[in-house]
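These are the residues of each chain, in order.
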Amino acid sequence: MILGIETSCDETAVALVTQDGEVRSNVVASQAELHARYGGVVPEVASRRHLELVGPVLSEALERGKATLDEVEAVAVTRGPGLIGALLVGLSAAKALAWSRRLPLIPVDHLHGHVASLYLEPGALEPPFLCLLVSGGHTLLLDVRARSGYHVVGTTLDDAAGEAFDKGARLLGLGYPGGAALDRKARDGDPDAYSFPVARVPGFDFSFSGLKTALLYVVRDLPADELERRRADLAASYQHAIVRALVERTRAAAMELGGQPIAVVGGVGANSELRAALADATLAPLPLCTDNAVMIASAARYAPAIPFPQYLALDAYATAA
Ligand code: KG4
Ligand code: ZN
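What you are looking at is a predicted structure, and each value in this text was computed from that prediction instead of being measured.

Let's shift gears to the sheet that holds strand β8 (residues 149–155). Pairing within the open sheet is mixed, and its five strands lie in the order β8-β7-β6-β9-β10. Either end of the sheet is taken by a strand with one partner, and the two such strands are β8 and β10 (282–283). Bridging between strand β6 (residues 129–134) and strand β7 (residues 139–146) involves six bridges; their strand directions are antiparallel. When the bridges of β7 are listed, leucine 132 appears paired with leucine 141.

Listed below in structure tokens is the structure:
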């Protein structure tokens, strides 16, 4: 059994996963409410909260998995990318736990973790496939040939898709974090009410900053009562533009790569319009789209372990190497 720890942003998460990819427990403590009043994640506040939560969340994961530490064979932990202070809390907890039990430590890349949310039972996905990874920090098209890694074929030139959702939600007064709220609002609106531009950049890359600016101009020019009345239409049209851009690029890349099957992972993978538009693809299970530790423990099954006690000086990284 692998115990996974994830603290790269504002979720404190611990999970238990077997070597065969069965999920024994999945505990996620979200700090979203704590950061809502600031309109975004405050790194120092996140680190301090992780410190308070990591112990209780760990106990809860063992309890819900009806397991003891004696059954844990390896400790997996997110090493990066993410907020450095937040990452260090999880990494330190993982080192302490692994060291005290003389266990190996498996450092995991957060993005590899998102992809590995597809490798769990029942119905684990087998490469090759083209993976659309859409989160708050990344928008990537990955050519996945083996479970141990991937090759990047496309990325965003500016904002990530989740960032576009969050910024749009903020402009529409839908609070933080905005993706899920915008998704809900869009259900009552007309996706064709407004025509927002989808930037076409060369290759398989994405660009979302123009879209956000277009929404800003529309919102700025609307009187307050009119904005109130058109909020759902604006949300639906804005979401439609993001989803269309994601789907078009992903389908084109899949064709180019010889008709590879498509898979979707990451927080924006929870979006209802995206899931409907790519219903023929493999979609990460809803609870595993946003950050969690199940995906980290899952990725650890395909990553090298560091034997006891060689990991004590291991460092976290904020951005991908
Ligand atoms: O993967 P994730 O939990 O964290 C990162 O690694 O960044 O992704 C978080 C992002 C946020 O931007 C959030 O607004 C977005 O995923 N998100 C959504 C939905 N649920 C979460 N975006 C659109 N529709 C949703 N239903
Ligand atoms: Zn993530």
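Continuing now.
Quantified by volume, the largest pocket comes out at close to 1,400 Å³. Only β3 (23–30), α4 (110–116), α5 (161–171) and α6 (178–186) provide two or more residues apiece to the lining of the largest pocket. Among the residues making up the lining of the largest pocket, the classes are represented as 17 nonpolar, 19 polar and 10 charged. Taken as a whole, the second largest pocket spans an internal volume of roughly 150 Å³. The wall of the second largest pocket is formed by Arg79, Pro107, Val108, Asp109, His112, Ser148, Gly149, Tyr150, Tyr302, Ala303, Pro304 and Tyr317. Put simply, the parts of the chain that give the lining of the second largest pocket at least two residues each are β5 (105–109) and β8. When the residues that make up the lining of the second largest pocket are grouped by side-chain class, the tally is seven nonpolar, three polar and two charged.

What follows covers the pattern of salt bridges. Using the criterion set out here, one finds 16 salt bridges in the structure. Here glutamate 126 and arginine 147 are joined by a salt bridge, their closest N and O atoms 3.5 Å apart. On the criterion of sequence distance, the pair formed by glutamate 126 in the loop between α4 and β6 and arginine 147 in the loop between β7 and β8 is long-range, its members being 21 residues apart. Residue arginine 147 is classed as buried on the basis of its relative accessible area of 17%. Of the charged contacts, one joins arginine 187 and aspartate 183 as a salt bridge, the two residues approaching to 3.4 Å between their closest N and O atoms. When its relative accessible area of 54% is taken as the criterion, arginine 187 is described as exposed. Taking relative accessible area as the criterion, aspartate 183 reaches 5% and is therefore assigned buried. Several salt bridges converge on common partners, so that one network encompasses Asp159, Glu163, Lys167 and Lys212.

How each quantity is defined
Residues numbered from 1 in each chain as written. Chains lettered and ligands numbered in written order. Predicted model: local features only at pLDDT ≥ 70, side-chain atom pairs only at ≥ 80, totals over all residues. Heavy atoms only, no water. Pairing = 2+ DSSP bridges. Helix = DSSP H or I, 4+ residues; strand = E, 2+ residues; numbered from the N terminus. 1 Å grid on protein atoms, 1.4 Å probe; cavity = no way out; pocket = protein on both sides within 12 Å on 5 of 7 lines; lining within 4 Å. Points joined across faces, edges and corners; volume = space filled by probe spheres on them. Nonpolar A, V, L, I, M, F, W, Y, C, P; charged D, E, K, R; others polar. Salt bridge = Lys/Arg side-chain N within 4 Å of Asp/Glu carboxyl O. Buried < 20%, exposed > 50% of the residue type's maximum accessible area, 1.4 Å probe, protein only.

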